[in-house]
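Here's the letter readout for the chains.
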Amino acid sequence: MSIALLGFPWDANSSYARGPALAPAIIRSVLFCEAANPNSLSGMEIRPAITEYTFPELPSDAAECREAIYSAINSTIEKGNKPLSLGGDHSVTYPILRAIREAYGPVNILHVDAHPDLYDEFEGDRYSHACPFARAIEDGCIDNLVQIGLRSVMPAQRAFGEENGVVMLGADAVDQIPYDLLKAPLYVSIDLDGLDPAFAPGVSHPEPGGLSTREVLSILSKLPVSPIGADIVELNPEKDIQLATANVAGRLIKELTAMMA
Ligand code: MN
Ligand code: MN
């Protein structure tokens, strides 16, 4: 199956710092940089699997932007490609999941993040990067939601998660992931702040005590089915050091592409 790499340079729904809009172009520049091998860890050459690169200019109005993201994912799926999306902030995941639902119905999701992103609204914004999974649950986009890496959970989010059957696991609970829930159709959403800032310093909301790159790769390798789509979000190039986090994103793209192809 062919993979479409979509870049969504959008960070106007970030609550603290701008910067993730710069990420898709940076990630693209490091992905096939001569300094790194273009293969997955299993040895698969991933360039032939990526048949489409789409980095659309997005409208500045937030509602129009969500519709543009929805349409881009929709047309990717209609062409028979699996979308691998690069944020942008995590608000892009809600319109992505709406388009995924159109094609597949409710999906099971592995969500790597320091934050559950389950606020009903954040600073008055129901489409904030702190809210995408609340919106997606309300819209019936999700069957099972398994979150790993959490270490910044407010009581209201804990309550919403418990009411809705969300599996909320801290970064110390890697061995408790219920892989049996992560069956087809499976979607993967990786907020880079789920990793420890030692591995991924280039994020707007660094939370020490997170996952290692190796742990995330190991989790991905244990997924029981091939994902039908994925996103990698919240790289903030303005906070990054020596492209460290951009290179983590590049590695994750290679592994996800190999798994999805
Ligand atoms: Mn986060
Ligand atoms: Mn997030």
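Before any of the text, the structure's been laid out above.
Residues numbered from 1 in each chain as written. Chains lettered and ligands numbered in written order. Predicted model: local features only at pLDDT ≥ 70, side-chain atom pairs only at ≥ 80, totals over all residues. Heavy atoms only, no water.

**A look at the packing of aromatic side chains**
Piece 1. Evaluation of the coordinates by the stated rule reveals 2 aromatic pairs.
Piece 2. Measuring from ring centre to ring centre gives 6.0 Å for Tyr94 and Tyr127, while their planes differ by 25 degrees; the resulting arrangement is stacked. Remark: Tyr127 occurs in the loop between strand 4 (107-112) and helix 4 (132-138) and Tyr94 occurs in helix 3 (residues 93-104); sequence separation between them is 33 residues.
Piece 3. Among the residues examined, Tyr94 registers a relative accessible area of 9% and is labelled buried.
Piece 4. Tyr127 gets classed as partly exposed once you look at its relative accessible area, which sits at 31%.
Piece 5. With centroids separated by 4.9 Å and ring planes inclined at 50 degrees, the aromatic side chains of Tyr119 and Phe122 adopt a geometry described as tilted.
Piece 6. The ring of Tyr127 has Arg66 lying over it, and the distance from NZ or CZ to the ring centre is 3.6 Å.
Piece 7. Positioned over the ring face of Tyr70 is Arg98, at 4.4 Å from the centre of the ring. (Phe/Tyr/Trp six-rings, centres within 6.5 Å; stacked < 30°, edge-to-face > 60°. Helix = DSSP H or I, 4+ residues; strand = E, 2+ residues; numbered from the N terminus. Buried < 20%, exposed > 50% of the residue type's maximum accessible area, 1.4 Å probe, protein only. Lys NZ or Arg CZ within 6 Å of the ring centre and 35° of its normal.)

**Focus: the coordination of the manganese ion (ligand 1)**
Piece 1. Taken together, Asp113 (OD), His115 (ND1), Asp191 (OD), Asp193 (OD) and Asp193 (OD) make up the full set of protein donors to the manganese ion (ligand 1), lying 2.2 to 2.4 Å away.
Piece 2. Here the donor residues for the manganese ion (ligand 1) map to a single chain with the spacing D-x1-H-x75-D-x1-D.
Piece 3. The distance between the manganese ion (ligand 1) and the manganese ion (ligand 2) comes to 3.3 Å, and Asp113 binds to both of them. In this structure, Asp191 and Asp193 share a single accessibility class: buried. (Donors = N, O, S within 2.8 Å, 3.2 Å for Na, K, Ca; no water.)

**A few points about the coordination of the manganese ion (ligand 2)**
Piece 1. Coordination of the manganese ion (ligand 2) by the protein is provided by His90 (ND1), Asp113 (OD), Asp117 (OD) and Asp191 (OD), with metal-donor distances spanning 2.1 to 2.2 Å.
Piece 2. On the primary sequence, the residues serving as donors to the manganese ion (ligand 2) are separated as H-x22-D-x3-D-x73-D.

**What about helix 3?**
Piece 1. The first and last C-alpha atoms of helix 3 sit 16 Å apart over 12 residues, in line with the 16 Å expected at 1.5 Å per residue.
Piece 2. Listing the buried residues of helix 3 in full gives Thr93, Tyr94, Pro95, Ile96, Leu97, Arg98, Ala99 and Ile100.
Piece 3. Phi for Gly105, located one or two positions after helix 3, is positive at around 75 degrees. (Expected span 1.5 Å × (residues − 1).)

**Let's talk about the environment of Asn144**
Piece 1. The topology assignment puts Asn144 in strand 5 (residues 142-150).
Piece 2. Overall, Asn144 belongs to the buried group, its relative accessible area being 16%.
Piece 3. When near neighbours in sequence (up to four residues on either side) are disregarded, Asn144 contacts Val107, Asn108, Ile109, Leu181 and Lys183.
Piece 4. A polar atom in the side chain of Asn144 sits 3.0 Å from the side chain of Asn108.
Piece 5. In terms of polar contacts, Asn144 uses its side chain to reach the backbone carbonyl oxygen of Leu181, at 3.4 Å. (Contact = heavy atoms within 4.5 Å. Polar contact = N/O pair within 3.5 Å; in protein donor to acceptor, adjacent residues only side chain to side chain.)

**A look at the pairing of strand 1 (residues 3-8)**
Piece 1. With respect to burial, strand 1 is a largely interior element, 6 of its 6 residues being buried.
Piece 2. Burial of strand 1 is two-sided: the residues Ile3, Leu5 and Gly7 facing one way and the residues Ala4, Leu6 and Phe8 facing the other way are all buried.
Piece 3. Here strand 1 pairs with strand 2 (residues 50-54) via 4 bridges, running parallel. Residue Leu6 lies in a different strand from strand 2, and its bridge partner there is Thr54.
Piece 4. As a crossover connection, the stretch from strand 1 through helix 1 (residues 23-31) into strand 2 is right-handed.
Piece 5. Pairing of strand 1 with strand 3 (residues 82-87) involves 6 bridges; the strand directions are parallel. When the bridges of strand 3 are listed, Leu5 appears paired with Leu84. (Pairing = 2+ DSSP bridges. Right-handed = clockwise from strand over helix to strand, strands pointing away.)

Coordinates in, geometry out; function isn't part of it.
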